Amino acid sequence: MIYALRCNVGHMVDLTQLASNLGVSEGILLIIAAVAIVLGITLAFIGKKLWKRIMSMIGGLLGASLGFVIGLSLGGELAALILTVIGGILGSLLFAKIVEVALAILCGALAFGVVFLLTGSLLAGGIIAVVAFVICFLFVEKVVGILMAIAGALLAGVGLMLLGLGTELAAIVSLVIMVAGAIVQTLFIPDKKKKTAMAPACKNCPGTMVRDAATGGWYCPNCGAIEPVEPTS
Ligand SMILES: [Zn+2]
């Protein structure tokens, strides 16, 4: 497929030619293109909201298959069955966190690479790497939003090319989706972490409550009202 696309760089992708190269009918190619465009645009604009669910699905599948293989090698079918269930649950619970940490490590490694290449200093690279890791981890939802916008826009661009749009035009549309998606996801979709940490307004006066470190609940510096710890997270 990459070969077929590369042959057509700079002008329209010949659908009939591509379909016969891939050994599928044009109809199927059109369906794939439509799915790629819809999925790509969805990911580009609201991928951040779906990301946890996608990651826990992938993690569940990985954990289940790992559990199955380990169980089978340990003690036959029953062990495999039990470990598949346990692995699936653990995988879906942990994977999103693991990927968040992995993303932050990747940010740190990239920052280290760039700084080390520019300055040749291990120390400077190391310091920047730690800073990049922390920033990336704190703002992981923003990073995910931007990554989703890039991935979704590329997917939609490939779909548009398959539909017969010229490569330049597909690239331009893809770039527009990428920028718009990144803006929407970073500025207009609130981060989950921020939402839960947002301070409530005081019920007795116009003041805003602050966290009381001693009790973990809310406290109004204006009138002294106290709000106990909320039951949900
Ligand atoms: Zn108050």
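Helix and strand counts for the protein come out as 7 helices and 3 strands. Within the protein, the proportion of its 233 residues that are buried is 27%. For the protein, the share of sequence-separated contacts (at least 6 apart) that also reach a separation of at least 24 residues comes to 56%.

Within the secondary structure, alanine 109 sits in helix H3 (residues 26-119). A count of 14 C-beta atoms within 10 Å places alanine 109 in the partly exposed class. Alanine 109 sits 17 residues away from glycine 126 along the chain, and the two C-alpha atoms are 9.1 Å apart.

Attention now moves to the packing of H3 against helix H4 (residues 122-138). Here H3 crosses H4 at 150 degrees, and the two axes come no closer than 7 Å. Put simply, H3 runs roughly antiparallel to H4. Both H3 and H4 take part in a crossing whose hand is right-handed. Residues Leu103, Ala104, Ile105, Cys107, Gly108, Ala109, Ala111, Phe112, Val115, Phe116 and Thr119 of H3 form the contact with H4, whose participating residues are Leu122, Ala124, Gly125, Gly126, Ile128, Ala129, Val130, Ala132, Phe133, Cys136 and Phe137. For the contact of H3 with H4, the class distribution of residues is 18 nonpolar, 4 polar and no charged.

So, on to the confidence of the model for the protein. Any residue range with low pLDDT should be treated as having predicted coordinates unsuitable for detailed reading. Per-residue pLDDT for the protein averages 84, and the proportion of residues at 70 or more is 89%. Across the protein, H4 holds the top mean pLDDT of 91, while helix H1 (residues 2-7) sits lowest at 48. Confidence drops under pLDDT 50 across residues 1-10; counting only partners more than four residues distant or on other chains, this segment forms 9 contacts.

Ala36, Ala44, Ala111, Ala132, Cys136 and Ala156 are the most contacted members of the largest nonpolar core, which has 35 residues in total. Elements represented by at least two residues in this core include exactly H3, H4, helix H5 (140-162) and helix H6 (167-188). The residues touching alanine 156, leaving out its near neighbours within four places in the chain, are Ala36, Ile37, Gly40, Ile41, Ala44, Ser174 and Ile177.

This next bit is on the packing of H3 against H5. Running from amino to carboxyl end, H3 crosses H5 at an angle of 110 degrees, the nearest separation of the two axes being 6 Å. The pairing of H3 with H5 is recorded here as roughly perpendicular in orientation. Seen from above, H3 lies across H5 with right-handed handedness. Here the residues of the contact of H3 with H5 sort into 25 nonpolar, 6 polar and 3 charged.

What follows covers H3. Between the first and last C-alpha of H3 there are merely 53 Å, a value that for 94 residues lags more than 12% behind the 140 Å anticipated at 1.5 Å per step. When the local axis directions of H3 are compared, the greatest deviation, roughly 150 degrees, occurs at glycine 75.

Turning our eyes to something else, we now look at H6. The periodicity of an α-helix, 3.6 residues per turn, causes residues three or four positions apart to be oriented the same way. In a regular helix each residue adds 1.5 Å, so 22 residues correspond to 32 Å; H6 covers 30 Å between its end C-alpha atoms and thus fits that length. For H6, the full list of buried residues reads Ala170, Ser174, Ile177, Met178, Gly181, Ala182 and Gln185. One side of H6 carries all its buried residues, which in axial view fall inside an arc of 130 degrees. Turned more than 90 degrees off the buried face of H6, the exposed positions are Glu168, Leu175, Val176, Leu187 and Phe188. Close packing links the buried residues of H6 with H3 and H5.

Moving on, we get to the sheet that holds strand E3 (residues 226-227). In spatial order, the strands read E1-E2-E3; together these 3 strands make up an open sheet with antiparallel pairing. Where the open sheet ends on each side, the last strands, each with one partner, are strand E1 (210-211) and E3. Here E1 pairs with strand E2 (residues 218-219) via 2 bridges, running antiparallel. Of the residues in E2, the one forming a bridge with arginine 211 is tryptophan 218.

With that settled, the discussion passes to the environment of phenylalanine 137. Among the structural elements, phenylalanine 137 can be located in helix H4. Taking the C-alpha atoms as reference points, phenylalanine 137 and cysteine 107, separated by 30 residues in sequence, lie 8.9 Å from one another.

The subject of this paragraph is the environment of leucine 162. Relative to the elements of secondary structure, leucine 162 occurs in helix H5. Residue classification places leucine 162 among the buried positions, given that 22 C-beta atoms sit within 10 Å. Along the backbone, leucine 162 and alanine 33 are 129 residues apart, and their C-alpha atoms lie at a distance of 5.7 Å.

Definitions and limits used
Residues numbered from 1 in each chain as written. Predicted model: local features only at pLDDT ≥ 70, side-chain atom pairs only at ≥ 80, totals over all residues. Helix = DSSP H or I, 4+ residues; strand = E, 2+ residues; numbered from the N terminus. Buried ≥ 20, exposed ≤ 12 C-beta atoms within 10 Å, placed from the backbone. Contact = placed C-beta atoms within 7 Å. Axes fitted to C-alpha atoms, helices over the stretch in contact; angles between N-to-C directions. Parallel < 35°, antiparallel > 145°, perpendicular 65-115°, else oblique. Left-handed = near helix turned anticlockwise from the far one by under 90°. Nonpolar A, V, L, I, M, F, W, Y, C, P; charged D, E, K, R; others polar. pLDDT = per-residue confidence, 0-100. Core = buried A, V, L, I, M, F, W, Y, C linked by C-beta atoms within 7 Å. Expected span 1.5 Å × (residues − 1). Bend = angle between axes of the 7 residues up to and from the residue. Arc of directions from axis to C-beta. Pairing = 2+ DSSP bridges.

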